[in-house]
Amino acid sequence: MSRLGSIGANLYTGHVSYDFVGLRKRWYIISGVVLLISVISLLTLRFTLGIEFRGGAEFRVTSPTVSVSSVEKVVAQTDSRQIIVQGVGNNTVRAQTEKLTTDQSEKIRADLAKRFGVKVSDVSTQFVGPSWGRDISSKALQALIFFLIGVMIFLALYFEWKMALAAMIALVHDLIVTAGVYSLVGFEVTPATVIGFLTILGYSLYDTVVVFDKVRENTAGLAGGSRMTYSQSANLAVNQTLVRSINTSVIALLPIGSILFAGIALLGSGPLKDLALALFVGVATGAYSSIFIATPLLATFKEKEPAMQALAKRVAARQSGAATATVRKPVTGRRSRAAAAARPDDVDGDVDQRDQVDPYAHVATDEESIEPATAGAAARTTGEARASARPEPRPAAGAQRSQPRRNTKGRPGGKKRR
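Just so you know, these numbers come straight off a predicted model, no measurement behind them.

Draft legend 1. Summary view of the pattern of salt bridges. With the rule as written, the count across this model stands at nine salt bridges. With a shortest N-O distance of 4.0 Å, Arg109 and Glu106 are connected by a salt bridge. Here Arg109 pairs with Glu106, and both are found in helix α5 (residues 102-116), just three residues apart, close to one helical turn. The class of Glu106 is partly exposed, set by a relative accessible area of 41%. Several salt bridges converge on common partners, so that one network encompasses Glu160, Lys162, Lys302 and Glu305.

Next up, the structure:
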(Lines give C-alpha, C1' and ligand atoms only; values in the text may rest on other atoms or scores of the structure.)
Protein backbone atom coordinates (compact mmCIF):
# COMPACT_ATOMS: atom_id res chain seq x y z
CA MET A 1 0.00 0.00 0.00
CA SER A 2 1.29 3.47 -0.89
CA ARG A 3 1.98 6.09 1.73
CA LEU A 4 -1.07 8.12 0.77
CA GLY A 5 -3.18 4.96 0.86
CA SER A 6 -1.93 4.08 4.35
CA ILE A 7 -2.71 7.61 5.53
CA GLY A 8 -6.22 7.31 4.12
CA ALA A 9 -6.73 3.94 5.80
CA ASN A 10 -5.59 5.32 9.16
CA LEU A 11 -7.88 8.32 8.78
CA TYR A 12 -10.83 6.08 7.91
CA THR A 13 -10.32 3.75 10.88
CA GLY A 14 -9.67 6.62 13.30
CA HIS A 15 -6.07 5.71 14.16
CA VAL A 16 -5.06 9.13 12.79
CA SER A 17 -7.46 12.02 13.30
CA TYR A 18 -7.36 15.78 12.82
CA ASP A 19 -9.73 17.84 14.91
CA PHE A 20 -11.39 19.94 12.22
CA VAL A 21 -14.68 20.36 14.07
CA GLY A 22 -13.07 21.06 17.44
CA LEU A 23 -11.08 23.97 15.97
CA ARG A 24 -14.16 25.49 14.34
CA LYS A 25 -13.60 28.95 15.86
CA ARG A 26 -10.23 29.19 14.14
CA TRP A 27 -11.75 28.40 10.74
CA TYR A 28 -14.58 30.86 11.37
CA ILE A 29 -12.08 33.64 12.05
CA ILE A 30 -10.04 32.85 8.93
CA SER A 31 -13.14 32.74 6.73
CA GLY A 32 -14.46 35.93 8.32
CA VAL A 33 -11.25 37.79 7.46
CA VAL A 34 -11.32 36.53 3.86
CA LEU A 35 -14.99 37.45 3.50
CA LEU A 36 -14.34 40.93 4.89
CA ILE A 37 -11.54 41.53 2.38
CA SER A 38 -13.76 40.29 -0.45
CA VAL A 39 -16.69 42.53 0.52
CA ILE A 40 -14.45 45.60 0.87
CA SER A 41 -12.97 44.88 -2.56
CA LEU A 42 -16.43 44.53 -4.10
CA LEU A 43 -17.57 47.83 -2.56
CA THR A 44 -14.47 49.85 -3.45
CA LEU A 45 -12.82 48.33 -6.54
CA ARG A 46 -16.01 46.82 -7.96
CA PHE A 47 -16.07 44.60 -11.06
CA THR A 48 -14.38 45.34 -14.34
CA LEU A 49 -17.33 44.76 -16.63
CA GLY A 50 -16.75 43.56 -20.15
CA ILE A 51 -18.25 45.09 -23.21
CA GLU A 52 -21.07 42.56 -23.14
CA PHE A 53 -22.39 44.13 -19.90
CA ARG A 54 -21.60 47.82 -20.28
CA GLY A 55 -22.07 48.10 -24.04
CA GLY A 56 -19.77 49.80 -26.53
CA ALA A 57 -17.52 49.05 -29.49
CA GLU A 58 -14.62 46.65 -29.90
CA PHE A 59 -11.79 46.79 -32.44
CA ARG A 60 -9.28 44.03 -33.16
CA VAL A 61 -6.09 44.60 -35.14
CA THR A 62 -3.73 41.85 -36.25
CA SER A 63 -0.28 42.93 -37.40
CA PRO A 64 3.38 42.07 -36.69
CA THR A 65 4.04 45.69 -35.62
CA VAL A 66 0.96 46.13 -33.43
CA SER A 67 1.33 47.06 -29.74
CA VAL A 68 -0.96 47.98 -26.89
CA SER A 69 0.37 51.52 -26.49
CA SER A 70 0.18 52.36 -30.17
CA VAL A 71 -3.41 51.12 -30.49
CA GLU A 72 -4.40 53.13 -27.43
CA LYS A 73 -2.93 56.34 -28.95
CA VAL A 74 -4.74 55.85 -32.25
CA VAL A 75 -8.13 55.21 -30.63
CA ALA A 76 -7.70 58.11 -28.15
CA GLN A 77 -7.45 60.57 -31.06
CA THR A 78 -11.08 59.89 -31.92
CA ASP A 79 -12.60 58.93 -28.56
CA SER A 80 -10.97 60.21 -25.38
CA ARG A 81 -13.40 58.43 -23.06
CA GLN A 82 -12.67 55.16 -21.24
CA ILE A 83 -10.57 52.87 -23.42
CA ILE A 84 -9.56 49.30 -22.50
CA VAL A 85 -6.74 47.90 -24.63
CA GLN A 86 -5.50 44.33 -24.18
CA GLY A 87 -3.21 42.04 -26.10
CA VAL A 88 -4.69 38.85 -27.50
CA GLY A 89 -1.96 36.39 -28.42
CA ASN A 90 1.23 37.56 -30.09
CA ASN A 91 0.12 39.79 -32.98
CA THR A 92 -3.42 40.83 -32.06
CA VAL A 93 -4.60 43.75 -29.90
CA ARG A 94 -8.15 44.42 -28.77
CA ALA A 95 -9.49 47.91 -27.97
CA GLN A 96 -12.84 48.51 -26.26
CA THR A 97 -14.49 51.91 -26.14
CA GLU A 98 -17.77 53.45 -25.08
CA LYS A 99 -20.72 53.54 -27.42
CA LEU A 100 -19.74 55.28 -30.70
CA THR A 101 -21.53 56.65 -33.71
CA THR A 102 -21.13 55.09 -37.12
CA ASP A 103 -18.82 57.90 -38.32
CA GLN A 104 -16.57 57.57 -35.25
CA SER A 105 -16.34 53.82 -35.68
CA GLU A 106 -15.38 54.08 -39.37
CA LYS A 107 -12.74 56.73 -38.61
CA ILE A 108 -11.11 54.54 -35.93
CA ARG A 109 -11.01 51.57 -38.31
CA ALA A 110 -9.37 53.65 -41.01
CA ASP A 111 -6.79 55.12 -38.61
CA LEU A 112 -5.86 51.70 -37.27
CA ALA A 113 -5.50 50.24 -40.78
CA LYS A 114 -3.30 53.13 -41.87
CA ARG A 115 -1.15 53.03 -38.73
CA PHE A 116 -0.30 49.32 -38.92
CA GLY A 117 -0.34 48.87 -42.70
CA VAL A 118 -3.33 46.55 -43.05
CA LYS A 119 -6.58 46.71 -44.95
CA VAL A 120 -9.62 48.33 -43.41
CA SER A 121 -11.49 45.05 -43.76
CA ASP A 122 -8.81 43.35 -41.62
CA VAL A 123 -9.77 45.54 -38.63
CA SER A 124 -12.71 43.68 -37.09
CA THR A 125 -15.38 45.58 -35.20
CA GLN A 126 -18.16 44.58 -32.85
CA PHE A 127 -20.95 46.68 -31.39
CA VAL A 128 -22.82 45.61 -28.29
CA GLY A 129 -25.68 47.51 -26.71
CA PRO A 130 -26.01 47.74 -22.90
CA SER A 131 -29.46 46.14 -23.02
CA TRP A 132 -27.93 42.81 -24.01
CA GLY A 133 -25.69 42.86 -20.93
CA ARG A 134 -28.62 43.70 -18.69
CA ASP A 135 -30.59 40.78 -20.11
CA ILE A 136 -27.67 38.42 -19.51
CA SER A 137 -27.27 39.66 -15.93
CA SER A 138 -30.96 39.27 -15.10
CA LYS A 139 -31.09 35.78 -16.61
CA ALA A 140 -28.01 34.74 -14.65
CA LEU A 141 -29.50 36.10 -11.41
CA GLN A 142 -32.77 34.24 -12.02
CA ALA A 143 -30.87 31.01 -12.70
CA LEU A 144 -28.90 31.47 -9.49
CA ILE A 145 -32.04 32.03 -7.40
CA PHE A 146 -33.86 29.01 -8.87
CA PHE A 147 -30.75 26.88 -8.40
CA LEU A 148 -30.38 27.83 -4.74
CA ILE A 149 -34.07 27.20 -4.02
CA GLY A 150 -34.00 23.81 -5.75
CA VAL A 151 -30.83 22.72 -3.99
CA MET A 152 -32.19 23.86 -0.63
CA ILE A 153 -35.34 21.77 -1.08
CA PHE A 154 -33.39 18.74 -2.28
CA LEU A 155 -30.93 18.80 0.63
CA ALA A 156 -33.75 19.33 3.14
CA LEU A 157 -35.57 16.28 1.81
CA TYR A 158 -32.51 14.08 1.31
CA PHE A 159 -30.78 15.01 4.57
CA GLU A 160 -32.43 17.53 6.92
CA TRP A 161 -32.97 21.26 6.98
CA LYS A 162 -29.95 21.95 9.19
CA MET A 163 -27.67 20.23 6.69
CA ALA A 164 -29.29 22.23 3.90
CA LEU A 165 -28.74 25.47 5.81
CA ALA A 166 -25.07 24.67 6.48
CA ALA A 167 -24.54 23.77 2.82
CA MET A 168 -26.14 27.02 1.64
CA ILE A 169 -23.98 29.11 3.97
CA ALA A 170 -20.87 27.37 2.66
CA LEU A 171 -22.06 27.96 -0.91
CA VAL A 172 -22.60 31.69 -0.33
CA HIS A 173 -19.14 31.79 1.24
CA ASP A 174 -17.64 30.33 -1.94
CA LEU A 175 -19.46 32.78 -4.20
CA ILE A 176 -18.41 35.85 -2.21
CA VAL A 177 -14.77 34.74 -2.05
CA THR A 178 -14.68 34.03 -5.80
CA ALA A 179 -16.27 37.39 -6.59
CA GLY A 180 -13.79 39.13 -4.29
CA VAL A 181 -10.85 37.51 -6.06
CA TYR A 182 -12.25 38.67 -9.41
CA SER A 183 -12.53 42.20 -8.07
CA LEU A 184 -8.99 42.16 -6.65
CA VAL A 185 -7.21 40.87 -9.78
CA GLY A 186 -9.24 43.11 -12.11
CA PHE A 187 -10.31 40.47 -14.61
CA GLU A 188 -13.24 41.37 -16.83
CA VAL A 189 -16.63 39.99 -16.02
CA THR A 190 -17.92 38.41 -19.22
CA PRO A 191 -20.59 35.83 -20.03
CA ALA A 192 -17.87 33.21 -19.59
CA THR A 193 -17.42 34.47 -16.05
CA VAL A 194 -21.11 33.99 -15.38
CA ILE A 195 -20.89 30.44 -16.70
CA GLY A 196 -17.93 29.81 -14.40
CA PHE A 197 -19.83 31.16 -11.40
CA LEU A 198 -22.79 28.88 -12.10
CA THR A 199 -20.45 25.91 -12.59
CA ILE A 200 -18.67 26.29 -9.25
CA LEU A 201 -22.01 25.94 -7.47
CA GLY A 202 -22.09 22.30 -8.47
CA TYR A 203 -18.46 21.71 -7.47
CA SER A 204 -18.97 23.26 -4.06
CA LEU A 205 -22.11 21.28 -3.30
CA TYR A 206 -20.55 18.05 -4.59
CA ASP A 207 -17.90 17.96 -1.86
CA THR A 208 -20.35 19.08 0.79
CA VAL A 209 -22.89 16.39 -0.06
CA VAL A 210 -20.19 13.69 0.04
CA VAL A 211 -19.10 14.74 3.54
CA PHE A 212 -22.69 15.11 4.78
CA ASP A 213 -23.60 11.66 3.54
CA LYS A 214 -20.79 10.20 5.66
CA VAL A 215 -21.88 12.33 8.62
CA ARG A 216 -25.40 10.95 8.36
CA GLU A 217 -24.04 7.41 8.23
CA ASN A 218 -21.87 7.92 11.34
CA THR A 219 -24.57 9.65 13.38
CA ALA A 220 -27.39 7.17 12.70
CA GLY A 221 -28.77 6.11 16.11
CA LEU A 222 -26.12 8.16 17.89
CA ALA A 223 -28.50 9.71 20.42
CA GLY A 224 -29.17 6.34 22.07
CA GLY A 225 -25.52 5.63 22.90
CA SER A 226 -22.84 7.20 25.05
CA ARG A 227 -19.58 6.69 23.20
CA MET A 228 -19.24 9.74 20.89
CA THR A 229 -20.79 13.18 20.68
CA TYR A 230 -22.23 14.55 17.46
CA SER A 231 -19.17 16.74 16.92
CA GLN A 232 -16.85 13.77 17.35
CA SER A 233 -18.84 11.66 14.88
CA ALA A 234 -18.94 14.52 12.37
CA ASN A 235 -15.19 15.04 12.75
CA LEU A 236 -14.64 11.32 12.09
CA ALA A 237 -16.69 11.64 8.89
CA VAL A 238 -14.54 14.57 7.73
CA ASN A 239 -11.38 12.55 8.36
CA GLN A 240 -12.81 9.54 6.54
CA THR A 241 -13.60 11.60 3.42
CA LEU A 242 -10.53 13.89 3.63
CA VAL A 243 -8.32 11.96 1.21
CA ARG A 244 -11.19 11.59 -1.26
CA SER A 245 -11.91 15.33 -1.17
CA ILE A 246 -8.25 16.18 -1.68
CA ASN A 247 -7.87 13.74 -4.57
CA THR A 248 -10.96 14.93 -6.45
CA SER A 249 -10.09 18.60 -5.91
CA VAL A 250 -6.48 18.22 -7.07
CA ILE A 251 -7.53 16.22 -10.13
CA ALA A 252 -10.03 18.96 -11.02
CA LEU A 253 -7.63 21.84 -10.31
CA LEU A 254 -4.76 20.53 -12.46
CA PRO A 255 -6.50 20.87 -15.86
CA ILE A 256 -8.24 24.09 -14.80
CA GLY A 257 -4.88 25.53 -13.74
CA SER A 258 -3.35 24.63 -17.09
CA ILE A 259 -6.23 26.34 -18.92
CA LEU A 260 -5.80 29.42 -16.71
CA PHE A 261 -2.07 29.52 -17.43
CA ALA A 262 -2.66 29.19 -21.16
CA GLY A 263 -5.31 31.90 -21.09
CA ILE A 264 -3.07 34.37 -19.24
CA ALA A 265 0.37 33.62 -20.64
CA LEU A 266 -0.45 32.59 -24.21
CA LEU A 267 -3.77 34.19 -25.17
CA GLY A 268 -3.63 37.26 -22.93
CA SER A 269 -7.41 37.82 -22.79
CA GLY A 270 -10.59 36.16 -23.81
CA PRO A 271 -13.37 33.96 -22.46
CA LEU A 272 -11.02 31.06 -21.72
CA LYS A 273 -9.15 33.05 -19.07
CA ASP A 274 -12.32 34.40 -17.49
CA LEU A 275 -13.90 30.96 -17.25
CA ALA A 276 -10.74 29.29 -15.92
CA LEU A 277 -10.22 31.84 -13.12
CA ALA A 278 -13.79 31.44 -11.85
CA LEU A 279 -13.50 27.65 -11.93
CA PHE A 280 -10.08 27.54 -10.26
CA VAL A 281 -11.02 29.80 -7.36
CA GLY A 282 -14.45 28.22 -6.99
CA VAL A 283 -13.21 24.61 -6.88
CA ALA A 284 -10.44 25.42 -4.38
CA THR A 285 -12.81 27.40 -2.16
CA GLY A 286 -15.48 24.69 -2.39
CA ALA A 287 -13.05 22.02 -1.18
CA TYR A 288 -12.08 24.28 1.73
CA SER A 289 -15.64 25.16 2.74
CA SER A 290 -16.92 21.58 2.73
CA ILE A 291 -14.29 20.62 5.34
CA PHE A 292 -13.76 23.78 7.39
CA ILE A 293 -17.12 25.57 7.11
CA ALA A 294 -20.06 23.30 6.26
CA THR A 295 -19.39 20.43 8.67
CA PRO A 296 -18.41 22.60 11.68
CA LEU A 297 -21.53 24.70 11.10
CA LEU A 298 -23.65 21.55 11.02
CA ALA A 299 -22.10 20.35 14.28
CA THR A 300 -22.79 23.76 15.85
CA PHE A 301 -26.45 23.58 14.83
CA LYS A 302 -26.91 19.98 16.01
CA GLU A 303 -25.18 20.45 19.37
CA LYS A 304 -27.95 22.87 20.36
CA GLU A 305 -30.58 20.12 20.26
CA PRO A 306 -31.63 18.76 23.69
CA ALA A 307 -30.97 15.17 22.63
CA MET A 308 -27.43 15.99 21.55
CA GLN A 309 -26.81 17.97 24.74
CA ALA A 310 -27.91 14.98 26.82
CA LEU A 311 -25.66 12.77 24.69
CA ALA A 312 -22.70 15.07 25.35
CA LYS A 313 -23.33 14.80 29.11
CA ARG A 314 -23.44 11.00 28.94
CA VAL A 315 -20.23 10.86 26.95
CA ALA A 316 -18.52 13.20 29.41
CA ALA A 317 -19.70 11.08 32.35
CA ARG A 318 -18.52 7.91 30.66
CA GLN A 319 -15.10 9.35 29.91
CA SER A 320 -14.70 10.67 33.46
CA GLY A 321 -15.71 7.26 34.86
CA ALA A 322 -13.16 5.52 32.68
CA ALA A 323 -10.47 7.94 33.82
CA THR A 324 -11.41 7.34 37.49
CA ALA A 325 -11.24 3.56 37.01
CA THR A 326 -7.82 3.87 35.46
CA VAL A 327 -6.30 5.77 38.38
CA ARG A 328 -8.27 3.93 41.12
CA LYS A 329 -6.14 3.25 44.23
CA PRO A 330 -6.12 -0.48 45.18
CA VAL A 331 -7.59 -1.44 48.60
CA THR A 332 -5.18 -3.14 51.02
CA GLY A 333 -5.90 -6.46 52.70
CA ARG A 334 -5.68 -10.05 51.58
CA ARG A 335 -9.35 -10.43 50.75
CA SER A 336 -9.55 -7.22 48.71
CA ARG A 337 -6.40 -8.05 46.82
CA ALA A 338 -7.64 -11.56 46.03
CA ALA A 339 -10.99 -10.20 44.88
CA ALA A 340 -9.26 -7.60 42.69
CA ALA A 341 -7.07 -10.28 41.17
CA ALA A 342 -9.97 -12.64 40.55
CA ARG A 343 -12.34 -10.02 39.11
CA PRO A 344 -10.85 -7.24 36.91
CA ASP A 345 -12.39 -3.79 36.78
CA ASP A 346 -14.99 -2.85 34.27
CA VAL A 347 -13.50 -1.53 31.08
CA ASP A 348 -16.07 1.17 30.56
CA GLY A 349 -15.76 2.56 34.06
CA ASP A 350 -19.16 1.39 35.34
CA VAL A 351 -19.19 0.77 39.08
CA ASP A 352 -20.22 -2.77 39.94
CA GLN A 353 -22.26 -3.39 43.07
CA ARG A 354 -19.63 -5.87 44.26
CA ASP A 355 -17.00 -3.12 44.13
CA GLN A 356 -18.85 -0.99 46.68
CA VAL A 357 -17.11 -1.10 50.08
CA ASP A 358 -18.92 -0.63 53.39
CA PRO A 359 -17.56 2.63 54.80
CA TYR A 360 -18.17 1.41 58.38
CA ALA A 361 -16.50 -1.99 57.93
CA HIS A 362 -13.03 -2.35 59.41
CA VAL A 363 -10.41 -3.03 56.74
CA ALA A 364 -7.33 -4.71 58.14
CA THR A 365 -4.01 -3.17 57.37
CA ASP A 366 -1.05 -5.14 56.16
CA GLU A 367 0.38 -5.55 59.70
CA GLU A 368 -2.98 -6.62 61.18
CA SER A 369 -3.79 -9.08 58.45
CA ILE A 370 -0.38 -10.72 58.07
CA GLU A 371 1.61 -10.66 61.34
CA PRO A 372 -1.05 -12.07 63.83
CA ALA A 373 -1.88 -14.87 61.46
CA THR A 374 1.71 -15.99 60.97
CA ALA A 375 1.79 -18.44 63.97
CA GLY A 376 -1.61 -19.96 63.19
CA ALA A 377 -0.80 -20.35 59.54
CA ALA A 378 2.51 -22.03 60.38
CA ALA A 379 0.80 -24.45 62.82
CA ARG A 380 -1.84 -25.39 60.28
CA THR A 381 0.79 -25.93 57.65
CA THR A 382 2.83 -28.24 59.96
CA GLY A 383 -0.27 -30.29 60.90
CA GLU A 384 -1.28 -30.73 57.30
CA ALA A 385 2.25 -31.86 56.42
CA ARG A 386 2.29 -34.48 59.20
CA ALA A 387 -1.14 -35.79 58.19
CA SER A 388 -0.06 -36.16 54.61
CA ALA A 389 3.15 -37.95 55.65
CA ARG A 390 1.30 -40.49 57.95
CA PRO A 391 0.90 -43.90 56.19
CA GLU A 392 -2.61 -45.09 55.38
CA PRO A 393 -3.74 -48.21 57.45
CA ARG A 394 -3.78 -51.38 55.37
CA PRO A 395 -6.65 -53.94 55.72
CA ALA A 396 -6.05 -57.16 57.64
CA ALA A 397 -5.29 -60.42 55.88
CA GLY A 398 -8.39 -62.20 54.60
CA ALA A 399 -10.62 -59.25 55.10
CA GLN A 400 -12.78 -58.18 52.19
CA ARG A 401 -11.92 -54.80 50.90
CA SER A 402 -14.93 -52.60 50.78
CA GLN A 403 -15.40 -50.78 47.49
CA PRO A 404 -18.25 -48.63 46.33
CA ARG A 405 -20.82 -50.47 44.31
CA ARG A 406 -20.84 -49.45 40.71
CA ASN A 407 -24.03 -48.31 39.17
CA THR A 408 -24.11 -49.51 35.61
CA LYS A 409 -27.75 -48.75 35.14
CA GLY A 410 -28.22 -46.47 32.22
CA ARG A 411 -24.59 -46.59 31.13
CA PRO A 412 -23.94 -47.43 27.52
CA GLY A 413 -22.80 -51.03 27.14
CA GLY A 414 -23.39 -51.80 30.87
CA LYS A 415 -24.81 -55.16 32.06
CA LYS A 416 -27.64 -55.47 34.50
CA ARG A 417 -26.64 -57.21 37.76
CA ARG A 418 -28.82 -60.21 38.67
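Draft legend 2. Focus on the sheet that holds strand β2 (residues 56-62). An order of β3-β4-β2-β5 is seen for the four strands of this open sheet, with the pairing classed as antiparallel. Strand pairing shows two members of the sheet lacking a second neighbour, β3 (84-88) and β5 (124-128), which therefore form its edges. Shown here is a sheet whose adjacent strand axes are inclined to one another by a mean of 20°, direction ignored. Where β2 lies against strand β4 (residues 92-97), six bridges are found, and the strand directions are antiparallel. By the bridge assignment, Thr62 is partnered in β4 with Thr92. Sheet contacts for α5: β2 and β5; angle to β2, the most-contacted strand, approximately 15°.

Draft legend 3. Expanded view of the confidence of the model for the chain. Counting all residues, the mean pLDDT for the chain is 76, and 72% of those residues have values of 70 or more. Of the regions scoring below 50 in pLDDT, residues 331-379 engages in 27 contacts with residues more than four places distant in sequence or in other chains. Contacts from residues 413-418, a stretch scored under 50 in pLDDT, to residues over four places away or in other chains number three contacts.

Draft legend 4. Highlighting the packing of helix α8 (residues 191-218) against helix α9 (residues 230-240). In contact at an axis separation of 8 Å, α8 and α9 are set at 135° when each is read in the N-to-C sense. By the criterion of interaxial angle, the relationship of α8 to α9 is oblique. For the element pair α8 and α9, the recorded crossing hand is right-handed. Only Tyr230, Ser233, Ala234, Leu236, Ala237, Val238 and Gln240 of α9 make contact with α8, whose side of the interface consists of Val211, Lys214, Val215 and Asn218. Within the contact of α8 with α9, the residues separate by chemical class into seven nonpolar, three polar and one charged.

Draft legend 5. Geometry of the nonpolar core. Within the largest apolar cluster, 55 residues are counted, with the highest numbers of intra-cluster contacts made by Leu155, Phe212, Val215 and Tyr230. Elements supplying a minimum of two residues to this core: α6 (130-158), α7 (161-185), α8, α9, α10 (242-267), α11 (271-302) and α12 (306-326). In terms of residues, this core owes the most to one element, α11, which gives 14 residues. In this structure, Val215 is in contact with Met163, Tyr230, Ala234, Ala237, Thr295 and Leu298, ignoring residues within four places of it in sequence. By size, the runner-up hydrophobic cluster in this structure holds 17 residues, among which are Val61, Val74, Val75 and Ile108.

Draft legend 6. Geometry of the packing of aromatic side chains. Applying the stated criterion across every chain yields a total of nine aromatic pairs. Between Tyr288 and Phe292, the aromatic rings sit 4.9 Å apart at their centres with planes inclined by 25°, giving stacked as the arrangement. Taken together, the positions of Tyr288 and Phe292, both in helix α11 and four residues apart, correspond to about one turn of that helix. Taking relative accessible area as the criterion, Tyr288 reaches 24% and is therefore assigned partly exposed. Ring pairing ties together the aromatic residues Tyr18, Phe20, Trp27, Tyr288 and Phe292, which thus form one cluster. Across the ring face of Trp27, the terminal group of Arg26 is positioned such that the distance to the ring centre comes to 5.9 Å.

What counts, and at which threshold
- Residues numbered from 1 in each chain as written.
- Predicted model: local features only at pLDDT ≥ 70, side-chain atom pairs only at ≥ 80, totals over all residues.
- Heavy atoms only, no water.
- Salt bridge = Lys/Arg side-chain N within 4 Å of Asp/Glu carboxyl O.
- Helix = DSSP H or I, 4+ residues; strand = E, 2+ residues; numbered from the N terminus.
- Buried < 20%, exposed > 50% of the residue type's maximum accessible area, 1.4 Å probe, protein only.
- Pairing = 2+ DSSP bridges.
- Axes fitted to C-alpha atoms, helices over the stretch in contact; angles between N-to-C directions.
- Contact = heavy atoms within 4.5 Å.
- pLDDT = per-residue confidence, 0-100.
- Parallel < 35°, antiparallel > 145°, perpendicular 65-115°, else oblique.
- Left-handed = near helix turned anticlockwise from the far one by under 90°.
- Nonpolar A, V, L, I, M, F, W, Y, C, P; charged D, E, K, R; others polar.
- Core = buried A, V, L, I, M, F, W, Y, C linked by side-chain atoms within 4.5 Å.
- Phe/Tyr/Trp six-rings, centres within 6.5 Å; stacked < 30°, edge-to-face > 60°.
- Lys NZ or Arg CZ within 6 Å of the ring centre and 35° of its normal.

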